[in-house]
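# Structural overview for review
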Amino acid sequence: MPETKVLLTAINAKYIHSNLALYSLKANAGKYESMVAVCEYTINHRREEILSRLYEEQPAVIGFSCYLWNLEYVLSLAVDLKKILPGLMIFAGGPEVSYHPEEFLRKYSFFDMIIVGEGEKTFYDYLVWLAGEGRSLADIDGLVYREGEEILRTRPRQPLDMEELIFPYRSLAGLENRILYYESIRGCPFSCSYCLSSIEKNVRLKSLEKTLRELDFFLERKVPQVKFVDRTFNCNHDHAYGVWKHIGEHDNGVTNFHFEIGGDLLKEEDFALFQTFRPGLVQFEIGVQSTNPDTIQAIRRTMDLPKLRDNMERVHRGHNIHAHLDLIAGLPHEGYERFCQSFNEVYDMKPDQFQLGFLKVLDGSYMSEKKEEYGVVYGSMPPYEVFSTKWLSYGELLQLKTVEEMVEVYYNSFQFAASMSYLLRFFDTAFDMYRTLGEYYKRHGLLERKHNRLERYEILWRFGETLALTERQAEQFREVVTYDFYSRDYVKNPPSYIRPRPEKMREKIRDFLERECREHRVISGYEGMTARQLYHLLYLDCFTLDMEILMETGRLEEKPPHYLMFDYRNRNPLNHSAEIIHLGESLEYERSDSTL
């Protein structure tokens, strides 16, 4: 008799993502692992394509991993799978179905079972039953299932021992060049009202020895990026420091490790360790969420804001760690004006990426219990995002959505750093700048269209022209836009708003490249090339503003005309901009490397 086939199916947000939960279920299936296959798709696949592929597998059982971003897609697949495979057993797991499973099964009759909470042991026991070696589903902890017209719930599954869990990855087959997710902690020590992780306060850690042994799998294979899914990774300092020390000592020069941390929990020895890290070895995501003390208290969050601000300044000063800060709009006690203040305070911390999120009211969260008191109106379908609160109207929220889009394009892309620093001089606050830019987009019908990189620069240039710049300011802005433009890529035929190089300067640059081809004193990695070839691979220009000071401090300082060279073969690992080489005032080999 052939083995029963069980398909664990993920619908990911992007191709580059992978689903840790399903790989962990399969790895922990023991002797029944051969029954289990993992199938991963994305929400960008055509639904009919996934439906046909799943049908062709002819499984007996399909399990779906359900989240905010994929539930509607999963429902549309499951209802039709039941039609074309009438005998198919369909189950689901994940945060989007775990907190009201009976209600879910009553609403969606084409689902047969829900795995509630941690699934590895529950799934193993289910496979035992499926193979005919278990007595009944009623004996398996952590299930809600359909039996005839009844919906039954078994005993709760007790928290699993992290030491007993099998490492989820066997090889990288099918996972090449994708983000791999990893966990060394389950549970969270904090009680943030909007987060489902706060429900389980029992924090469990893998031993450091086991964690480091598993991390070596990624290091030895030079996986591009590993994202820890641990909530507040450094809640246990000894554990976090041990991991950071290990990946620093065994750095393979390629792998990037992503951690969600408490920025105010960093200690002196952490900073001493960070100084030894290769740029790009680690990146941090830090949830600030709000700088309003009343809001922080209402969402049951703990945060030392002055300490966080100081620690962020130290991380930023090191120029080797990408730091990502989050805000959430729609939280209690934070209206439009107070959110603007939170925005400006976080912006002043100079995050490498600034994420504006919007409150999502999740089943099972404390925020869901308080929705009436807070006057929270939110979407009926996933992702259950806020529309309005007692403090924030829907119209104001829409304005924040536009600001979010402008920040994503003009801040988080790293392509306009000098330009936005320059433009900030003409506004009272950073929020005012992005709000006004968003209004410009809306006024000219630009929000509904997709724009390429060159179009984004042109829009920004036209926006700058609306600010009534003086002749000198317009010259400065053109120089700054030119700097940003060539920091990313060489463009042979630049648009009209990019400052042209006079013929006399181009001749001087060609002479410099001719000498460099003979003497190789500044440029490395281009040996054997002619000056003509280098002229189209490198960009050199003369500048009069100190761009480093502008981006670091916002101050505008003029310098004697000096030459910069943009080397596109060597890029900053944090922002992917070209290496900027300072060539002095006369192209006479005065060099100092910059890590802008």
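Criteria and thresholds
Residues numbered from 1 in each chain as written. Predicted model: local features only at pLDDT ≥ 70, side-chain atom pairs only at ≥ 80, totals over all residues. Heavy atoms only, no water. Phe/Tyr/Trp six-rings, centres within 6.5 Å; stacked < 30°, edge-to-face > 60°. Lys NZ or Arg CZ within 6 Å of the ring centre and 35° of its normal. Pairing = 2+ DSSP bridges. Helix = DSSP H or I, 4+ residues; strand = E, 2+ residues; numbered from the N terminus. Axes fitted to C-alpha atoms, helices over the stretch in contact; angles between N-to-C directions. Contact = heavy atoms within 4.5 Å. Buried < 20%, exposed > 50% of the residue type's maximum accessible area, 1.4 Å probe, protein only. Polar contact = N/O pair within 3.5 Å; in protein donor to acceptor, adjacent residues only side chain to side chain. Patch = residues over 30% accessible without salt bridge, like charges linked within 9 Å, V, L, I, M, F, W, Y side chains within 5 Å. Areas by Shrake-Rupley, 256 points an atom, 1.4 Å probe, with all protein chains shown as cover. Salt bridge = Lys/Arg side-chain N within 4 Å of Asp/Glu carboxyl O. Lys, Arg positive; Asp, Glu negative; His and termini not counted. Charge placed at Lys NZ, Arg CZ, Asp CG, Glu CD.

## Focus: the packing of aromatic side chains
All chains considered together, the criterion is met by 55 aromatic pairs. For the cation-ring pair, Arg300 lies above Tyr366, with the distance from its terminal atom to the ring centre recorded as 3.8 Å. Taking NZ or CZ as reference, Arg510 lies 4.9 Å from the ring centre of Tyr535, over its face.

## Here we look at the sheet that holds strand S7 (residues 150-153)
Ordered by their spatial adjacency, 7 strands build an open sheet running S2-S1-S3-S4-S5-S6-S7, and the pairing between neighbours is mixed. Taken across any chain shown, the strands that pair with only one partner, and hence form the sheet edges, are strand S2 (36-42) and S7. Shown here is a sheet whose adjacent strand axes are inclined to one another by a mean of 20 degrees, direction ignored. Bridge analysis of strand S3 (residues 61-65) against strand S4 (residues 89-93) gives 5 bridges, and the strand direction is parallel. Across the sheet, residue Val61 finds its bridge partner in S4, namely Met89. Along the sheet, helix H5 (residues 120-130) makes contact with strand S1 (6-12), S2, S3, S4, strand S5 (113-115) and strand S6 (143-147), crossing S1 at roughly 145 degrees.

## Here we look at the side chain of Ser18
One can find Ser18 in the loop between S1 and helix H1 (20-27). On the basis of relative accessibility, which here comes to 7%, the residue Ser18 falls in the buried class. Looking at Ser18, its side chain comes within polar contact range of the main-chain oxygen of Ile179, at 2.7 Å. Here Ser18 is in contact with Asn12, Tyr23, Glu40, Tyr169, Leu175, Arg178, Ile179, Leu180 and Tyr181, once residues within four sequence places are set aside.

## What to know about a negative patch on the surface
A cluster of acidic residues, Asp161, Glu163, Glu164 and Glu209, forms a negative patch at the surface. Relative to the assigned elements, Glu163 resides in the loop between S7 and strand S8 (180-182).

## Focus on the sheet that holds strand S13 (residues 282-289)
Read from one edge of the open sheet, 6 strands run S8-S11-S12-S13-S14-S15, paired in parallel fashion. Each edge of the sheet is formed by a strand with only one pairing partner; in this case those strands are S8 and strand S15 (353-358). Here the average twist between neighbouring strands, direction ignored, is 25 degrees. The sheet contacts of helix H11 (residues 336-347) involve S13, strand S14 (322-329) and S15, and relative to S14 the element is tilted by about 175 degrees.

Everything listed here is a matter of coordinates, which is why it stays silent on function.
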